[in-house]
Amino acid sequence: MSLLRTTLRTSRLARPLARPFSASVPKMSNPTAIIPADVVPLTEEHKAAVLATAPVLAEHGVKVTTQMYKTMLGNNPALRDIFSHSAQTTGAQPLALAQSVYGYAANINDLTPLVPVVVRIAEKHAALGVKPEHYATVAENLIKALQTVLGDAFTPELQTAWYHAYWQLAKIFIEAEANLYSIGHWQGFKEFEIVSRHDESGTISSFEFVPKDKSQLPLQKYKPGQFVTIRVWVDELGCYQNRHYTLSDAPQADKYRVSIKREDGGADVPAGLVSSRVHALKVGDTIQVAFPVGSFVLPETLPKNIVLFSGGVGITPNLSILNTVTQSADGPNVSWIQGVRNANEHVFKKHVDDLVASTGGKVQAQAYYSQVDAVEGEGLHQGHVDVAALSPEALALADKDALYYVCGPAGFMHSVQEGLVARGVDPKRINIEAFHAGDA
Ligand SMILES: Cc1cc2nc3c(=O)[nH]c(=O)nc-3n(C[C@H](O)[C@H](O)[C@H](O)COP(=O)(O)OP(=O)(O)OC[C@H]3O[C@@H](n4cnc5c(N)ncnc54)[C@H](O)[C@@H]3O)c2cc1C
Ligand code: HEM
């Protein structure tokens, strides 16, 4: 059954900022004060005990995290305002948490490989307004779930080790999130008014919005590739739902733009909770937006060449990057490679073609149509994006400092990543942005 109701009223989506949880995130003078006083730095014994649980977590991790969310969300209904109902229903969120807890246990002796993962999770947490005190709630429920699922195997020694290990990890997140909150120009969600709406295809629409409170101007200048978080009220669930949406244009002082694919669902699949509701909005309606964050961005010192791979609606961060770098004549050369299903879904085609024509060779573009038997036109190809078949020029292979930005469905990103590595690109130069929770 579609959750999209034609009777959906904007006033519902624009419900006043009344609910205390996400409405504001107070700036804390000492965010880590929440950490219990008896928590100690991990000893070698603690680390060995945590490491020993890695195989058990690999096997039972999802059972543990599913149990944890069930108890935690049941006992703390206000948390339903920040957790995705759909990601709980599909199991994506319990899986993502289980993967991260396992990854932590397996890497407990050297956490360096986890740094990018920690950054990504902290960004999501900050975007959703996770507060230090929530870590105590998760601690209690996670330890309880480990006890329930593992039973006697979760010995007192393991419980002690995990208590200290959990808080070590929580401290890393709390500090990273405090840093992000200090950068954000506002806390929690602010009301914005939609000032334009443009349907890019049958399912993707762009929305531009400005802050209702003009004292917010100029807006926080985001880095191209970053995302905001939009929340809507869902009557059927009796709570808010939040989703992240990449800012899809070059930064402007007075407005933000997002381009959102409406998830229509199918026979046995409900429509996307947030995308369908935002698509029901029109110019003049209000949305609630959290500050921009994200690290799928260009470095301070720009490379000479960038290669932007986009699949479907994964075009949004790359479009923002493209629109920004082409504003200056000495920006990097751009190779634009886009995978779509067919001409109807070839969003922003004219815009990209115009940039190719107006930038004197600095931008070259190619698109691949996967659902079409034959394609005719400059830079158009039939099939899926195949890195092995792309020319060395299109991949900027001669430039050993070229950077690669890949965003799209998981299969698309894996195939592009593998293809680039096979063509000799150092994985460190490949940036990936996943629109789904957990491992990309
Ligand atoms: C960093 C980041 C940036 C993003 N940027 C963009 C962007 O620029 N543009 C954009 O369009 N999206 C973007 N996304 C994705 C976006 O955040 C949402 O995930 C997306 O809009 C779907 O949200 P929804 O609430 O509509 O769907 P949800 O309700 O979250 O459902 C997700 C999907 O699961 C299906 N589903 C729901 N319940 C079930 C079930 N029980 N069984 C099976 N299937 C089910 C839905 O039909 C839908 O396809 C981004 C995500 C991230 C993490
Ligand atoms: C050490 C503790 C924690 C770990 C290891 C952890 C791990 C994760 C991971 C792996 C994700 C998925 C990120 C992605 O999208 O790729 C995530 C998302 C999320 N986390 Fe945490 N987290 C922790 C603590 C918390 C706390 C304290 C809260 C607040 C109660 C919280 C709320 C969320 C929310 C709301 C999401 C987004 C998922 C959604 O939209 O449903 N997390 N976390």
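For the protein, the name recorded in an unreviewed UniProt entry is nitric oxide dioxygenase, with Vanrija albida as its organism. Under the Sequence similarities (unreviewed entry) heading, UniProt states for the protein: "In the C-terminal section; belongs to the flavoprotein pyridine nucleotide cytochrome reductase family."

Before going further, it helps to spend a moment on the domain arrangement of the protein. With domains assigned, the protein is organised as domain 1 (10-17 + 189-293), domain 2 (23-183) and domain 3 (305-433). Centre-to-centre separation of domain 1 and domain 2, based on C-alpha positions: 29 Å. Counting residues at the interface gives 12 residues for domain 1, matched by 13 residues for domain 2. At the level of secondary structure, the elements contributing two or more residues to the side of domain 1 that touches domain 2 comprise β4 (239-246) and β6 (286-293). Here the side of domain 1 that touches domain 2 takes 5 residues from β4, the largest share from any one element. Residue classes in the side of domain 1 that touches domain 2 are distributed as 8 nonpolar, 4 polar and no charged.

Around ligand 2 sit 25 residues in total, of which Ser84, Ala96, Ser100, His134 and Ala437 are the nearest. Elements supplying a minimum of two residues to the shell around ligand 2: α6 (92-106), α7 (115-128), α8 (134-150) and α9 (156-183). Residue classes in the shell around ligand 2 are distributed as 16 nonpolar, 7 polar and 2 charged.

What follows is about the UniProt feature "domain: Globin" (unreviewed entry) in the protein. The positions UniProt marks with the feature "domain: Globin" (unreviewed entry) are residues 41-178. Regarding residues 41-178, the helix share stands at 76% and the strand share at 0%, and the terminal C-alpha atoms are separated by 21 Å.

Let us look at the packing of helix α4 (residues 54-75) against α6. Running from amino to carboxyl end, α4 crosses α6 at an angle of 140°, the nearest separation of the two axes being 8 Å. Put simply, α4 runs oblique to α6. Crossing handedness for the pair α4 and α6: right-handed. Of α6, the residues touching α4 (which contributes Ala54, Leu57, Ala58, Gly61, Val62, Val64, Thr65, Thr66 and Tyr69) are Gln93, Pro94, Leu95, Leu97, Ala98, Val101, Tyr102, Ala105 and Ala106. Considering only residue class, the contact of α4 with α6 consists of 14 nonpolar, 4 polar and no charged.

Reading guide: rules and limits
- Residues numbered from 1 in each chain as written.
- Chains lettered and ligands numbered in written order.
- Predicted model: local features only at pLDDT ≥ 70, side-chain atom pairs only at ≥ 80, totals over all residues.
- UniProt positions renumbered as here; feature names shortened; annotations may be inferred.
- Domains from an automatic or database assignment.
- Contact = placed C-beta atoms within 7 Å.
- Helix = DSSP H or I, 4+ residues; strand = E, 2+ residues; numbered from the N terminus.
- Nonpolar A, V, L, I, M, F, W, Y, C, P; charged D, E, K, R; others polar.
- Near = placed C-beta within 6 Å.
- Axes fitted to C-alpha atoms, helices over the stretch in contact; angles between N-to-C directions.
- Parallel < 35°, antiparallel > 145°, perpendicular 65-115°, else oblique.
- Left-handed = near helix turned anticlockwise from the far one by under 90°.

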